[in-house]
Amino acid sequence: MMDKYYITHLRELESEAVYILREVAAQFENPALLFSGGKDSIVLGWLSRKAFFPSKIPYPLMHVDTGHNFDETIEYRDEFVKTINARLIVASVQESIDKGRVAEEHGKHASRNALQTTTLLDALEEHKFDCAIGGARRDEEKARAKERFFSHRDEFGQWDPKNQRPELWNIFNGKKNMGEHFRVFPLSNWTEMDVWQYIAIENIPIPSIYFSHKRKVIERDGLLLAFSPYLNLDEDEQIEERIVRCRTVGDMTCTGVWESKAESIEDIIQEVAATRVTERGGRVDDKRSETAMEDRKVKGYF
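Read on for a plain summary of the structure. Please read these numbers as outputs of a predicted model, since none were measured by experiment.

Regarding the pairing of strand E1 (residues 31–34)
Thinking step 1. Side chains of E1 alternate between two faces, with Pro-31 and Leu-33 and Ala-32 and Leu-34 buried alike.
Thinking step 2. Relative to strand E4 (residues 131–133), E1 runs parallel, the two being bridged by 3 bridges. By the bridge assignment, Leu-33 is partnered in E4 with Ile-133.
Thinking step 3. Bridge count for E1 against strand E2 (residues 61–65) is 2 bridges, and the pairing is parallel. Each residue of the ladder has a partner; that of Leu-33, found in E2, is Leu-61.
Thinking step 4. As for the winding sense of the linkage, the β-α-β connection from E1 through helix H2 (residues 39–52) to E2 is right-handed.

Set out below in structure tokens:
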């Protein structure tokens, strides 16, 4: 059970996030919330409902669908949208491939994760979104620690980490030129532990893949990957069954799973408290280079 101090801390984070979401609605003409079906975007959807209740959420949820998702994620996404009474837009990486906008990767480490950037930027332009709300947190990865709450993107959707606006006294500047847009990160000051504690006190339903379950996996480069038809296996890679869970949700080809016995939110909280490996330590896409995340963000990634 959480003590009163920690509950107060969570309510302060909640209040900050709600304030930022209302600032988004006030400052931008056509925002959207980027929704992956992961815990952070789930919390953002939940906070959005709180921020504008009893009115409907004034912006849609947009999922950039790689086509290589966990089935549990897609099922949860559709149910969650109904729960919070939101509108869903799906941007398809497969459609981007079919149109020749991006090319499918090949080889052992092939993934559609990097292809999401083009699909995202095309969707922002198609729907004329001037703001994309994301669930990134500063504790996740060193490149994300450089972000402001209101993160400016130029007319090409690119991010310049050396040219960001100051944010003094919680004054957020959403001024932009034609064709430019913003990424907004209301959970910037949250940690992974904060997210799970908040899910616990709010009793927010989450996808079943976050809890331990038996799944076919392969071991690759020291990480466990869920076996799927989308993986290109080497001859020496063996498929085996283990009790695992996901700490982060993304494309199946690059999202690692963890051996775990966590069967409840309380179990997950205890596990997070004890671990010394970040949740993105199991993301293969972050290991392509030392600056993999920042390189993708500069090009327009989430």
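What about the packing of H2 against helix H3 (residues 71–83)?
A pair of packed helices is captured by two measures, namely the crossing angle of their axes and the spacing between those axes.
Thinking step 1. Contact pair H2 / H3: the axes reach a minimum separation of 11 Å and the direction vectors enclose 10 degrees. It follows that H2 is roughly parallel to H3 by the angle criterion. The way H2 lies across H3 gives a crossing that is right-handed. Counting all contacts with H2, which are made through Ile-42, Gly-45, Trp-46 and Arg-49, the residues of H3 involved are Tyr-76, Phe-80 and Thr-83.
Thinking step 2. Taken together, the residues that form the contact of H2 with H3 break down as 4 nonpolar, 2 polar and 1 charged.

Describing the sheet that holds strand E8 (residues 223–226)
Thinking step 1. Pairing is antiparallel in the closed barrel, where 4 strands are placed in the order E7-E8-E10-E9. The sheet shows a mean angle of 70 degrees between the axes of neighbouring strands, direction not considered.
Thinking step 2. Strand direction decides the pairing type here: strand E7 (residues 213–220) and E8, joined by 4 bridges, are antiparallel. Within the sheet, the bridge partner assigned to Ile-218 lies in E8 and is Leu-225.

Section: the packing of aromatic side chains
Thinking step 1. In the structure shown here, the tally under the stated rule is 8 aromatic pairs.
Thinking step 2. Here the aromatic rings of Phe-35 and Phe-80 are separated by 5.5 Å at their centres, their planes lie at 5 degrees, and the arrangement is stacked. You can see Phe-35 sitting in the loop between E1 and H2 and its partner Phe-80 sitting in helix H3, a full 45 residues away along the chain. This pair shows no difference in class: Phe-35 is buried, exactly as Phe-80 is.
Thinking step 3. Feature note: the residues Phe-28, Phe-150 and Phe-182 constitute an aromatic cluster, connected by ring pairs.
Thinking step 4. Stacked on the ring of Trp-46, the Lys or Arg Arg-49 has its end atom at 4.6 Å from the ring centre.
Thinking step 5. Above the plane of the ring of Trp-258 lies Arg-247, whose end atom (NZ or CZ) is 4.8 Å from the centre.

Criteria and cut-off values
Residues numbered from 1 in each chain as written. Predicted model: local features only at pLDDT ≥ 70, side-chain atom pairs only at ≥ 80, totals over all residues. Heavy atoms only, no water. Buried < 20%, exposed > 50% of the residue type's maximum accessible area, 1.4 Å probe, protein only. Helix = DSSP H or I, 4+ residues; strand = E, 2+ residues; numbered from the N terminus. Pairing = 2+ DSSP bridges. Right-handed = clockwise from strand over helix to strand, strands pointing away. Axes fitted to C-alpha atoms, helices over the stretch in contact; angles between N-to-C directions. Parallel < 35°, antiparallel > 145°, perpendicular 65-115°, else oblique. Left-handed = near helix turned anticlockwise from the far one by under 90°. Contact = heavy atoms within 4.5 Å. Nonpolar A, V, L, I, M, F, W, Y, C, P; charged D, E, K, R; others polar. Phe/Tyr/Trp six-rings, centres within 6.5 Å; stacked < 30°, edge-to-face > 60°. Lys NZ or Arg CZ within 6 Å of the ring centre and 35° of its normal.

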